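Chain by chain, the residues:
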Amino acid sequence: MLTCDHPVPPDRYNDRVEEHLRVTGFYHASQIGVVQNQKALVNALIERWHPDTHTFHLPIGECAVSLEDVALILGLPTDGLLVTGMTMSSFPALEAECLHQFGVAPSVHWKFLPLLRDFASIGQYSWGSACLAHLYRALCRASRYNCKEMDGPITLLLGWAWMRMPYLSPLPREPHSFPLANRWRNWERGDRRYRYLNLAHFRKAFDDLQEGQFVWVAYAVDRVDPNIIPAEIYMQSVVWTATVPLVSFECIEWHATDRFRRQFGFVQGVPSEGRSLDKAHGEVLTGPKNLNWATTPIHSSWVMYWTNRYNYILSELPINSPHPLETYMLWYRSKYGHRLNLSNLVGQDSDEDNQDIDEGNEVMDEDNERMDDDQNLQNNCV
């Protein structure tokens, strides 16, 4: 069962802790509570992901999770230095580094530890682009026929789907909360029927998706109150449309904003061929390496591409056709139309899949009850 459980944040951090979290850029993300997974929806999205274009292919066109979604759903910083650099060469050295920095054994991926040495510089990195890179990498791997699991930031994927296709979302519990992921914090408590929707349901919903059901501009003022979005989030919006690589050490993916321009309010035309990442797309970090990923021959050109990110921000294109969207849709359907109706191509969910969902939800029910008890205990102790 894919799970997506984050610790329930306390009512309020100690002022000093909150100040430090804000300096690192992780404060807003730290406020996200438990957002339960919907396995069937995730699997339906995986079926629509195309690793060659780094987009979902739906009947209404291409779409994808963008840096804008990361910033508003998770509250992570999106503009800044790439999350890359030197990785250490041995596990004992890594453990010693973690004990020195945090006083505990490693609780984050070891490759990030060198970037956490200088506390004041943590907030200079684009953690949002690194997060999105790992989501793309997870989708690319999960889309393989022989892959049965998916890791990565599932909360981001679910939040994106629920913002863009609200008719497929559970009932929001906190519609005026930031980060926007908290709209669906503990959604199971208010919409238990939603957890029983299966893969066939979401697959058919995607097959039948009509223009108007997908919200292209999901964060307009009539959908999200701009007053709940912190100023520091909007200040980094300049990079949200950039067509650039997404980098996190060995992980390199492509932010193909030119293929889903409508998500930013632009006209969509026929895009150029998908960007090939060559060997960089298959790089795997299997263990500690004494290596500077920012300067390796395979990675250095992509790092430089991000450094020049402001040169690749989307702008409105000259319209060479009186009906550019119609031209795009004709091209899109001729190229990908055979993969847009999946209910006729694949079998229905097995009883075993549904059983996995039921068993997983029973576990989450127990977890929720325990969290309620813990929260009541905290409140009684205050």
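The rules behind each value
Residues numbered from 1 in each chain as written. Predicted model: local features only at pLDDT ≥ 70, side-chain atom pairs only at ≥ 80, totals over all residues. Heavy atoms only, no water. Salt bridge = Lys/Arg side-chain N within 4 Å of Asp/Glu carboxyl O. Helix = DSSP H or I, 4+ residues; strand = E, 2+ residues; numbered from the N terminus. Buried < 20%, exposed > 50% of the residue type's maximum accessible area, 1.4 Å probe, protein only. Axes fitted to C-alpha atoms, helices over the stretch in contact; angles between N-to-C directions. Parallel < 35°, antiparallel > 145°, perpendicular 65-115°, else oblique. Contact = heavy atoms within 4.5 Å. Nonpolar A, V, L, I, M, F, W, Y, C, P; charged D, E, K, R; others polar. Pairing = 2+ DSSP bridges.

*Asks:* Residues and numbers for the pattern of salt bridges, please.
*Replies:* All chains considered together, the criterion is met by 13 salt bridges. Salt-bridge contacts for R203 lead to E47; the nearest nitrogen and oxygen are separated by 2.5 Å. Here the residue R203 occupies a position in helix α8 (residues 199–207), and E47 occupies one in helix α3 (residues 39–48), the gap between them amounting to 156 residues. Take R203: its relative accessible area is 3%, and that puts it in the buried class. Residue classification places E47 among the partly exposed positions, given a relative accessible area of 25%. The partner of K204 in a salt bridge is D208, with the nearest N and O atoms 2.4 Å apart. Through salt bridges that share partners, E68, D69 and R164 make up one connected network.

*Asks:* Would you mind going over the packing of helix α4 (residues 67–74) against helix α7 (residues 154–164) in detail, with residue names and values included?
*Replies:* Packing of α4 against α7 brings their axes to within 10 Å, and their N-to-C directions diverge by 100 degrees. The angle between α4 and α7 places the two elements in the roughly perpendicular class. Within the contact between the two elements, α4 uses E68, D69, V70, I73 and L74 and α7 uses T155, L156, G159, W160, M163 and R164. Split by residue class, the contact of α4 with α7 holds six nonpolar, two polar and three charged.

*Asks:* Tell me what's going on with the pairing of strand β6 (residues 251–255), and back it up with residues and numbers.
*Replies:* Taken across its five residues, β6 has five buried, putting it largely inside the fold. Across five bridges, the pairing between strand β5 (residues 244–248) and β6 is antiparallel. Residue pairing for β6: V244 is matched across the bridge by H255. Joining the antiparallel neighbours β5 and β6 is a turn of two residues, in which F249 adopts a positive phi near 55 degrees.

*Asks:* I'd love a proper account of the environment of R339, names of residues and values included.
*Replies:* Within the secondary structure, R339 sits in the loop between α11 (324–336) and α12 (351–381). The exposure class of R339 is partly exposed, given its relative accessible area of 36%. Distance from R339 to H57, taken between C-alpha atoms, is 8.1 Å for residues 282 residues apart in sequence. If we ignore the near neighbours within four places in the chain, the residues touching R339 are E47, R48 and L345.

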